[in-house]
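# Structural characterization, general
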Amino acid sequence: MSDIRDATASSADSPAKFDKTPWVLALTLTIFATVAAGLLTIGDIQTRPAIAQRLAEDLNAILSQVVPPELHDNALSKDVLILKSATGKPVTVYRARKGDEIIGFAYSVTGQGGYAGPVELVMGVNAQGQVLGVRVLSHAETPGLGDKIELQKSDWILSFTGLSFANLPRGKWAVKKDGGTFDQFSGATITPRAVVKAVKDGLDFFAANQITLFAKTLQSTSSGTGE
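All residue numbers refer to positions counted from 1 along the written sequence of the respective chain. Only residues with pLDDT of at least 70 are given local features in this predicted model, and only at 80 or more are side-chain atom pairs given and counted; all residues enter the totals for whole chains, interfaces and linings. The side-chain figures draw on all heavy atoms in the structure; neither hydrogens nor water molecules are used.

## Quick notes on the side chain of T189
Heads up, the rule is: A run of H or I in DSSP counts as a helix once it spans at least four residues, and a run of E counts as a strand once it spans at least two, with each numbered from the N terminus. Accessibility here uses a 1.4 Å probe with only protein chains present; expressed as a share of the type maximum, an area under 20% marks a residue as buried, one over 50% as exposed, and anything in between as partly exposed. Residues are treated as being in contact if the distance between any of their heavy atoms lies within 4.5 Å.
In this structure, T189 sits in the loop between β5 (131-138) and α4 (190-208). Of the residues examined, T189 reaches a relative accessible area of 15% and is grouped as buried. Here T189 is in contact with V175, K177 and Q184, once residues within four sequence places are set aside.

## Considerations on α4
The test is simple: One less than the residue count of a helix, multiplied by 1.5 Å, gives the span that helix is expected to have.
Helix length check: α4 (19 residues) gives 27 Å between terminal C-alpha atoms against 27 Å at 1.5 Å per residue, within 8%. Among all positions in α4, only T191, P192, A194, V195, V196, A198, V199, D201, G202, L203, F205 and F206 are buried. Here the buried face of α4 lies against β1 (80-84), β2 (90-98), β3 (101-111), β4 (119-126), β5 and α5 (210-213).

## Remarks on the pairing of β5
For clarity, the threshold we go by: At least two bridges found by DSSP between two strands is the condition for calling them paired.
Of all eight residues in β5, eight are buried, a share of seventy percent or more. Two elements, β4 and β5, share six bridges in a ladder whose sense is antiparallel. In the strand pairing of β5, G124 is matched with G133. A loop of four residues connects β4 with β5, the two strands running antiparallel in sequence, and G129 in this loop sits at a positive phi of about 85°.

## Section: the environment of R193
Relative to the helices and strands, R193 is located in helix α4. Looking at R193, the relative accessible area reads 34%, which means it is partly exposed. As for R193 and K177, which are separated by 16 residues in sequence, their C-alpha atoms are 9.3 Å apart. Excluding anything up to four places from it in sequence, R193 contacts V175, K177 and D178.

This is the structure:
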């Protein structure tokens, strides 16, 4: 687990290769999910390959923040599953491989109940169900208070790295004010509470869909439960 923390911490401390705001990250993921579903219809047909390549590069840069590149040797953007959550919401999953072995996953989760609305996140999970990383994609939380969930504002979001249900019981996946493990912010408990729950739900999604997630074939599926 220390290796995972060190790898992720090193990635966070090094100069960012993809220095974009959370809104830009969220927009890129949304656009690429559309491309993966075969709905790319913009531009002249001759420019589509270049557009698709640029989107894939941007997407891989985003995903590298939650699944360190040194852990896998494939392009996550080319190994995609479309699952459904327990509520029927589509969940785009990007799989990381080392050779023929599936070693991790990245997918979006939503923190409902933020102070100013939903908090959109992307998280990476390894094959053992440990969190590899979490990043904020978009939010509307109060500047100087709730926006500390952004890595650019504080390192609070790194507190999830290396954790799983195996080393942190489900009952401890809460902010300290609620009897859990995670710090809340001074004057802002609602935002971190929503994020903690979203990451916990993301691990539940992983646990509920392991058979499909670890299927060897490269094909999309609409089955699955969780989140």
